[in-house]
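Examining the three-dimensional arrangement
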Amino acid sequence: MFINSLLFLFLLCFSIIIFFINNYYILGIILIISILLCLLFKVRLPIYKSFLILLIINFSLNYLLGNLGDAFIVTIRLVIMFIMVNLIMEKIGIYNLSYIIGKLTHSKSITLILVIALSFIPIMIKEISEIRKSLITKNFPLSLKNILKRPDIFVITFFSNLFKRVNDMEKVMLSKGISDDYQ
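Residues numbered from 1 in each chain as written. Predicted model: local features only at pLDDT ≥ 70, side-chain atom pairs only at ≥ 80, totals over all residues. Heavy atoms only, no water.

The next thing to look at is the overall build of the chain. Broken down by element type, the chain carries eight helices and zero strands. The globule rule puts the C-alpha radius of gyration for 183 residues at 16 Å, and the 21 Å found for the chain is more than 25% above it. Referenced to the eigenvectors of the C-alpha coordinate spread, the extents of the chain come out at roughly 50 × 45 × 30 Å. In the chain, buried positions account for 30% of the 183 residues. For the chain, restricting intrachain contacts to residue pairs at least 6 apart in sequence, the fraction spanning at least 24 positions comes to 71%. Here the chain has roughly 12800 Å² of accessible surface; of this, 70% comes from carbon and sulfur atoms. Counting 18 positive and 9 negative side-chain charges, the chain places the averaged centre of each group 9 Å from the other. (Helix = DSSP H or I, 4+ residues; strand = E, 2+ residues; numbered from the N terminus. Rg over C-alpha atoms; globule rule 2.2 N^0.38 Å. Buried < 20%, exposed > 50% of the residue type's maximum accessible area, 1.4 Å probe, protein only. Contact = heavy atoms within 4.5 Å. Areas by Shrake-Rupley, 256 points an atom, 1.4 Å probe, with all protein chains shown as cover. Lys, Arg positive; Asp, Glu negative; His and termini not counted. Charge placed at Lys NZ, Arg CZ, Asp CG, Glu CD.)

Two elements in contact, helix H2 (residues 24-40) and helix H4 (residues 68-92), have axes separated by 10 Å at closest approach and are oriented at 25 degrees. Taken together, the axes of H2 and H4 lie roughly parallel to each other. Taken as a pair, H2 and H4 cross one another with a handedness that is left-handed. From H2, Tyr24, Leu27, Ile30, Leu31, Ser34, Ile35, Leu37 and Cys38 reach across to H4, where they touch Gly69, Phe72, Ile73, Ile76, Arg77, Val79, Ile80, Ile83, Met84 and Leu87. Within the contact of H2 with H4, the residues separate by chemical class into 15 nonpolar, two polar and one charged. (Axes fitted to C-alpha atoms, helices over the stretch in contact; angles between N-to-C directions. Parallel < 35°, antiparallel > 145°, perpendicular 65-115°, else oblique. Left-handed = near helix turned anticlockwise from the far one by under 90°. Nonpolar A, V, L, I, M, F, W, Y, C, P; charged D, E, K, R; others polar.)

All right, on to H2 then. Its 17 residues give H2 an end-to-end C-alpha distance of 24 Å, which sits within 8% of 24 Å, the value for a rise of 1.5 Å per residue. All of the buried residues along H2 are Leu27, Ile30, Leu31, Ser34 and Cys38. Each buried residue of H2 lies within a common arc of 100 degrees when the element is viewed along its axis, so the set occupies one face. In H2, the exposed residues that point more than 90 degrees away from the buried face are Tyr25, Ile29, Ile32, Leu36, Leu39 and Leu40. Taken together, the buried residues of H2 touch helix H1 (2-18) and H4. (Expected span 1.5 Å × (residues − 1). Arc of directions from axis to C-beta.)

Time to look at the nonpolar core. Ranked by internal contacts, the top residues of the largest apolar core, which has 23 residues, are Phe14, Ile18, Leu27, Ile80 and Ile92. Taken together, the elements giving at least two residues each to this core come down to H1, H2, H4 and helix H5 (94-105). Per-element accounting of this core gives the leading share, ten residues, to H4. Those residues within four positions of Phe14 in sequence are excluded, and the remaining contacts are Ile30, Ile80, Met81 and Met84. Listed in part, the nine residues of the second largest apolar core include Phe120, Leu135, Phe154 and Met169. (Core = buried A, V, L, I, M, F, W, Y, C linked by side-chain atoms within 4.5 Å.)

Here is the structure:
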């Protein structure tokens, strides 16, 4: 747990320091080192379409409002941070992250809140995927146009399934001995 806490604190300090570096060569070296660390530790980077779109929008806005150099530096910083977060989270683990933050803040309730919140991320991703497949089979493809025209279909389905999952999670936590008066 001590090493995981040090890794978390390193990530926080690294994220602050990386955004003060304006040298292309230093950023390039850090990017190459982080890619090599990914290869060395065999960390698979989950490249999401939404992350790539966010990078493109970020690059475009920085290019329009600044110059090409600034846009390139900011984008490289974001890519480096994406790689470093994935590297360290692979070592620490999502659930241990909540315990580390709980230990640092000396609060068991924060630990519990973070465990629940972090466990819902994969659940929500899976739910959206299942809802999408279900709506496609019902001849209602999940597109931005359909969501804007009839948002109630997606939203009602998503939240009803989400509340069922919350209910199931509550039963599991109660069976593990975690009560409502957890302080």
